[in-house]
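The primary structure of each chain is shown beneath.
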Amino acid sequence: LLVVRSGLFSDQFRPRMALKVGLQAVEEAEESGEADALARAYTKIDEAYQILGLRDEAVHEEKALEIFEELGDLSGILLLAINLGVQAYADGHWDYAISMYAKAQDVSKRSGNIAAEGAAAANLSELLISRGQLDEAETVLQEARRVLRGQQVIAFALFAETQLARLML
């Protein structure tokens, strides 16, 4: 419940409260030995740190990913692989970002979540365009656009269209 509450504070753009409640959730999850709750609490405190502009403090999602992998929680792995990929891309750690996007695509396929597979592919295309790997980016992007349009994932379909515009430039 504390993780949900932290997420609600975050959604309300109240990151200080989200962080406070998220840290409480971490403490209680550690005391109770609830691995799933701990991983989810880690994601919430990192989200709050990022919103507050404290990116150097947001170091818990790697731990959360390890927990989700131990638990076999595909949705948790998927969410964190995409998040970590986006962060790594923004930080200039492009090889790591590619590995996270690949992990997200693999987990998406295994779980049957083709919309998430398309989102990961759109993110990958953004990176490939930035690297100047335009032919590879176009191949990845065409498939991502097709999937995202077909699944009616509007936000990511628009993101894919934006990447197509970058590619065309």
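Shown above is the structure to which this text applies.
In this report, we go over the structure that sits alongside the text. (Residues numbered from 1 in each chain as written. Predicted model: local features only at pLDDT ≥ 70, side-chain atom pairs only at ≥ 80, totals over all residues. Heavy atoms only, no water.)

### Here's the deal with unusual backbone geometry
Not every positive phi belongs to a glycine, and F13 is a case in point at roughly 60 degrees. The backbone of Q152 shows a phi angle near 55 degrees, a positive value even though the residue is not glycine.

### Details of the packing of helix α7 (residues 114-131) against helix α8 (residues 134-150)
For the pair α7 and α8, the least separation of the axes is 8 Å and the interaxial angle reads 155 degrees. Between α7 and α8, the interaxial angle falls into the category roughly antiparallel. You can see that α7 and α8 cross each other, and the crossing is left-handed. Along the contact surface, α7 presents I114, A115, G118, A119, A121, A122, L124, S125, L128 and I129, while α8 presents L134, E136, A137, V140, L141, A144, V147 and L148. (Axes fitted to C-alpha atoms, helices over the stretch in contact; angles between N-to-C directions. Helix = DSSP H or I, 4+ residues; strand = E, 2+ residues; numbered from the N terminus. Parallel < 35°, antiparallel > 145°, perpendicular 65-115°, else oblique. Left-handed = near helix turned anticlockwise from the far one by under 90°. Contact = heavy atoms within 4.5 Å.)

### Structural notes on the packing of helix α5 (residues 74-90) against α7
Direction vectors running N to C along α5 and α7 enclose 15 degrees, while the axes themselves pass 11 Å from each other. Judged by the angle between their axes, α5 and α7 are roughly parallel. Where α5 crosses over α7, the handedness of that crossing is left-handed. Between α5 and α7, the residues in contact are L78, I82, V86 and Y89 and A116, A120, N123, E126, L127 and S130, respectively. When grouped by side-chain class, the residues that make up the contact of α5 with α7 number seven nonpolar, two polar and one charged. (Nonpolar A, V, L, I, M, F, W, Y, C, P; charged D, E, K, R; others polar.)

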